[in-house]
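Here are the chains, one letter per residue:
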Amino acid sequence: PQAIAGPTADTNTVTGGNVTVQRNAMSGLAFLHGRWRGINRTWDAQGRVTQTVSRDVIVPLLDGTLLSIQGMSYPQGADLTGKPDSQNFGILRFDDRAGILQVRAWFQGHEQLGEGRILGPGNAEWVLASPIGLVRFTVTRIDTDRWTELGELSADGGKTWTKRFEIDFAQREP
């Protein structure tokens, strides 16, 4: 077996460090915590709309300095305990030195890295690099038990954006 070289100075960069600042920044996303169900409307390149049911499980980790997001999509009317049609997973953290959200996500075998910002209590956005372009996610709190997630695609490096999906999370699950 070949030995693993381990991290180098370039790959072992330490960022952040003030846990209080990180926790306070991440508290702006506390409205997302919990198990959610919502209706997902997705637009294809020709503008046709399909609807699915989305379930998100969103959990704060490490004393509120990380946010874990697991998303699952099911056909309308499907048993939500079965295998989902699609799945994604992401980790968000606030880099207190740079003043930005750092995002790492996995979807359909791809790892995606990105950055974002908390725009205020109940509102944030982040952008991920994907194989088909940049994907911008915007989450907005509507009230205590409702929020939306908008997904937009840019194939020109962020100059223009096209709506690809919108999820209305209106039901918190136990």
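A quick note: this is a predicted structure, and the numbers were derived from the prediction, not measured.

Student: Explain the environment of Ile69 here, please?
Tutor: Within the element layout of this structure, Ile69 appears in strand E3 (residues 66-75). The contacts of Ile69, once residues within four sequence positions are left out, are Asp56, Val57, Ile58, Asn88, Phe89, Gly90, Leu92 and Trp126.

Student: Could you clarify how one ought to interpret the environment of Leu80 in this entry?
Tutor: If you trace the backbone, Leu80 turns up in the loop between E3 and strand E4 (86-95). For the pair formed by Leu80 and Arg41, sequence separation is 39 residues and the distance between their alpha carbons is 17 Å. Those residues in contact with Leu80, other than ones at most four positions away along the chain, are Arg37, Val53, Arg55 and Tyr74.

Student: Would you explain the nonpolar core in this entry?
Tutor: Soluble globular proteins: nonpolar side chains tend toward being buried together. Of all hydrophobic cores here, the largest spans 25 residues; its most connected members are Leu29, Leu32, Leu67, Leu92, Trp126 and Trp147. Contributing elements (two or more residues each) for this core: helix H1 (19-26), E3, E4, strand E5 (100-107), strand E7 (123-130), strand E8 (133-143), strand E9 (146-154) and strand E10 (162-173). Apart from residues lying up to four places away in sequence, Trp126 is in contact with Ile69, Leu92, Leu101, Val103, Glu115, Gly116, Val135, Arg136, Phe137 and Val139. Among the nonpolar cores identified, the runner-up in size contains 5 residues, and Val53, Val57, Met72 and Leu80 belong to it.

Student: Looking at this structure, I do not really get the sheet that holds strand E2 (residues 49-61). What am I missing?
Tutor: Backbone hydrogen bonds are what pair the strands of a sheet, in a parallel or an antiparallel way. Read around the barrel, 10 strands follow the order E1-E2-E3-E4-E5-E6-E7-E8-E9-E10 and close on themselves; strand pairing throughout is antiparallel. For this sheet, the mean angle separating the axes of adjacent strands, direction not counted, is 25°. Of the pairings in the sheet, the one linking strand E6 (residues 110-120) to E7 comprises 6 bridges and is antiparallel in character. Note on E7: the bridge partner recorded for Gly120 is Asn123.

Student: Which parts of the structure should I look at to understand the pairing of E5?
Tutor: Consecutive side chains along a regular strand alternate between the two faces of the sheet. The pairing of E4 with E5 spans 8 bridges and is classified as antiparallel. Note on E5: the bridge partner recorded for Phe94 is Leu101. Linking two consecutive strands that pair antiparallel, namely E4 and E5, is a turn of 4 residues; a positive phi of about 75° is found at Gly99 within it. Pairing of E5 with E6 involves 7 bridges; the strand directions are antiparallel. Bridge pairing in E6 links Leu101 to Gly116.

Student: Mind showing me how you'd approach a nonpolar patch on the surface here?
Tutor: Together, Val59, Leu61 and Leu62 line one region of the surface with nonpolar side chains, adding up to about 250 Å² of accessible area. Secondary-structure assignment places Val59 in strand E2. The partly exposed category is assigned to Val59, whose relative accessible area is 35%.

Student: It is not clear to me how the packing of aromatic side chains should be interpreted in this structure. Could you clarify?
Tutor: Between two aromatic rings, the relevant description is the distance of the centres plus the angle of the planes. Summed over all chains, the structure comprises 6 aromatic pairs. When the ring of Trp36 is compared with that of Trp147, the centres are 6.0 Å apart and the planes differ by 85°; the resulting orientation is edge-to-face. Taken together, the residues span a long stretch of sequence, with Trp36 in strand E1 (residues 34-43) and Trp147 in strand E9 at a distance of 111 residues. What links up through ring pairs into an aromatic cluster is the set Phe31, Trp36, Trp147 and Phe169. The ring of Trp161 has Arg136 sitting right over it, with the charged end atom 4.2 Å from the ring centre.

Procedures and definitions
Residues numbered from 1 in each chain as written. Predicted model: local features only at pLDDT ≥ 70, side-chain atom pairs only at ≥ 80, totals over all residues. Heavy atoms only, no water. Helix = DSSP H or I, 4+ residues; strand = E, 2+ residues; numbered from the N terminus. Contact = heavy atoms within 4.5 Å. Core = buried A, V, L, I, M, F, W, Y, C linked by side-chain atoms within 4.5 Å. Buried < 20%, exposed > 50% of the residue type's maximum accessible area, 1.4 Å probe, protein only. Pairing = 2+ DSSP bridges. Axes fitted to C-alpha atoms, helices over the stretch in contact; angles between N-to-C directions. Patch = residues over 30% accessible without salt bridge, like charges linked within 9 Å, V, L, I, M, F, W, Y side chains within 5 Å. Areas by Shrake-Rupley, 256 points an atom, 1.4 Å probe, with all protein chains shown as cover. Salt bridge = Lys/Arg side-chain N within 4 Å of Asp/Glu carboxyl O. Phe/Tyr/Trp six-rings, centres within 6.5 Å; stacked < 30°, edge-to-face > 60°. Lys NZ or Arg CZ within 6 Å of the ring centre and 35° of its normal.

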